[in-house]
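# Structure assessment
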Amino acid sequence: MQVRVLFFATLRDLVGARQLTVELTAASSTVAHLRQELIATHPAIRENLGIALAAVNEEFAFDKDTIQDGDEVAFFPPVSGGSVETLEGPEIFRLPDQAIDHDEIIAAITTARTGAACMFTGLVRGQTEKDGHLPRTESLEYEAYRPMALAKMKQVAQEIRDQWHKVEGIAIVQRIGKLKVGENTVLIACSAPHRDDGCFEAARYGIDRLKEIVPVWKKEIGADGQAWVEGSYRPKIEDQSGS
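Calculation criteria
Residues numbered from 1 in each chain as written. Predicted model: local features only at pLDDT ≥ 70, side-chain atom pairs only at ≥ 80, totals over all residues. Heavy atoms only, no water. Salt bridge = Lys/Arg side-chain N within 4 Å of Asp/Glu carboxyl O. Buried < 20%, exposed > 50% of the residue type's maximum accessible area, 1.4 Å probe, protein only. Helix = DSSP H or I, 4+ residues; strand = E, 2+ residues; numbered from the N terminus. Arc of directions from axis to C-beta. Contact = heavy atoms within 4.5 Å. Core = buried A, V, L, I, M, F, W, Y, C linked by side-chain atoms within 4.5 Å. pLDDT = per-residue confidence, 0-100. 1 Å grid on protein atoms, 1.4 Å probe; cavity = no way out; pocket = protein on both sides within 12 Å on 5 of 7 lines; lining within 4 Å. Points joined across faces, edges and corners; volume = space filled by probe spheres on them. Pairing = 2+ DSSP bridges. Axes fitted to C-alpha atoms, helices over the stretch in contact; angles between N-to-C directions. Nonpolar A, V, L, I, M, F, W, Y, C, P; charged D, E, K, R; others polar.

## Description of the pattern of salt bridges
- Summed over the entire model, instances satisfying the criterion amount to 14 salt bridges.
- Two residues, K64 and D65, come together in a salt bridge whose shortest N-O distance is 3.7 Å.
- Residue class for K64 comes out exposed when judged on its relative accessible area of 66%.
- Among the charged side chains, a network of salt bridges with common partners joins R12, R18 and E143.

Spelled out as structure tokens, the structure:
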């Protein structure tokens, strides 16, 4: 059987390709077996692939999970109810390659009930302290596993709604491509009728959760070279559905 394998960030650089078509036998139809096949044909990725996260058809997968003919398998480094009334409202999920218009986003998640909105936005730092030094960053390059990233953004929004029932509008926007120092990189915004209705907490949760389960990576480019920045979060069973 054939499967399409996608690589991101460091793995893409090591393999030298964004995707490969791999032949598997019925006896080697798990994620673990696929890892072994890839290491055999691309030994340079052994160390990185051994700790890489996996997704099958845009859902987090584990080594014991089976693979079917025609599946899409992605490998990438870690990324950084009841009777309660809910006030579901507008939602925005984007992966733009242009600057984020903060005013447009806030306007888009504002409803007639909105009395408060909280926004977190990230910027490209020119210096990041490492081991007591402050090396200069010239730019960042972001890439995403687009279909899965958008699906996981929607999952984050649902998790926010499950915890903060009075949150109305939700926006999750992550830029991709090459960004200069000072440019905005990410935006999480939540609106609610009042400031005490959870919009502060929901926005903080949104950025933290995005860095855990939304497959987006960045490469730091500076005078001393360039390197992909990889996280340490490992997905759990509940990350597959948000339940």
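What follows picks up the thread again.
## Focus: helix α2 (residues 31-41)
- Regarding α2, the residues found buried are V31, L34, R35, L38 and I39. In a view along the axis of α2, the buried residues occupy a sector of 135 degrees, so they form one face of it. Facing away from the buried side of α2 by more than 90 degrees, the exposed set consists of Q36, A40 and T41.
- Where the residues of α2 are buried, they touch β1 (2-7), β2 (19-23), α3 (46-51), β3 (53-56), β4 (59-61) and β5 (72-76).

## Side note on the nonpolar core
- If you look at the biggest cluster of nonpolar residues, it comprises 45 residues, and the most contacted ones within it are F76, Y145, I160, I172, C190, V214 and W217.
- Residues in contact with W217, not counting those within four places in the same chain, are F8, A9, F76, P77, P78, V79, E141, Y142, E143, A144, Y145 and W228.
- Formed by 20 residues, the second largest nonpolar core is a distinct cluster that contains V22, I45, A61 and F75.

## What to know about the confidence of the model for the protein
- Predicted confidence across the protein gives a mean pLDDT of 90, with 93% of residues reaching 70 or more.
- At the level of individual helices and strands, the protein shows its lowest average pLDDT in strand β13 (residues 225-229), which scores 88, and its highest in strand β9 (residues 170-174), which scores 97.
- Here residues 81-86 is a poorly scored stretch, pLDDT under 50, and it has three contacts once near neighbours within four places are set aside; other chains count.

## Things to note about the layout of surface pockets
- Estimated volume of the second largest pocket: approximately 200 Å³.
- Looking at the lining of the second largest pocket, the elements that each hand over two or more residues are β12 (216-222) and β13.
- For the lining of the second largest pocket, the element with the highest residue contribution is β13, accounting for five residues.

## Focus: the sheet that holds β2
- Read from one edge to the other, the open sheet built from five strands follows the order β2-β1-β5-β3-β4, with strand pairing classed as mixed. Here the strands that pair on one side only, and so sit at the sheet edges, are β2 and β4. Sheet twist, expressed as the average angle between the axes of neighbouring strands with direction ignored, equals 30 degrees.
- Bridge count between β3 and β4: three bridges; the pairing is antiparallel. Across the sheet, the residue bridging to A54 is A61, located in β4.
- The strands touched by α2 are β1, β2, β3, β4 and β5; relative to β5, the strand with the most contacts, the crossing angle is about 70 degrees.

## Some details on the side chain of R35
- Along the chain, R35 falls in helix α2.
- If we ignore the near neighbours within four places in the chain, the residues touching R35 are L49, G50, A52, A54, D63 and F75.

## A few points about empty space enclosed by the protein
- Within this model, the largest cavity holds a volume of roughly 40 Å³.
- Around the largest cavity, the lining residues are L11, N48, I51, A52, F76, P77, P78 and E230.
- For the lining of the largest cavity, the per-class residue count stands at six nonpolar, one polar and one charged.

## A closer look at unusual backbone geometry
- Despite not being glycine, N57 has its phi angle at roughly 50 degrees, a positive value.
- Judged by relative accessible area, N57 falls into the partly exposed class, the value being 42%.
- Positive phi outside glycine occurs at E58, with the angle close to 70 degrees.
- With respect to the helices and strands, the residue E58 is situated in the loop between β3 and β4.
- When its relative accessible area of 27% is taken as the criterion, E58 is described as partly exposed.

## Some points on the sheet that holds strand β11 (residues 184-192)
- Pairing within the open sheet is mixed, and its four strands lie in the order β6-β9-β11-β7. Looking at the sheet topology across the chains shown, the edges are occupied by β6 (91-94) and β7 (116-123). Taken over all neighbouring pairs, the strand axes of this sheet differ in orientation by 5 degrees on average, direction set aside.
- Looking at chain direction, β6 and β9 are connected through four bridges and run parallel. Each bridged residue has a counterpart across the sheet, and for F93 the counterpart in β9 is I172.
- Packed on one face of the sheet, helix α5 (residues 146-163) meets β6, β9 and β11 and runs near 150 degrees to β6.

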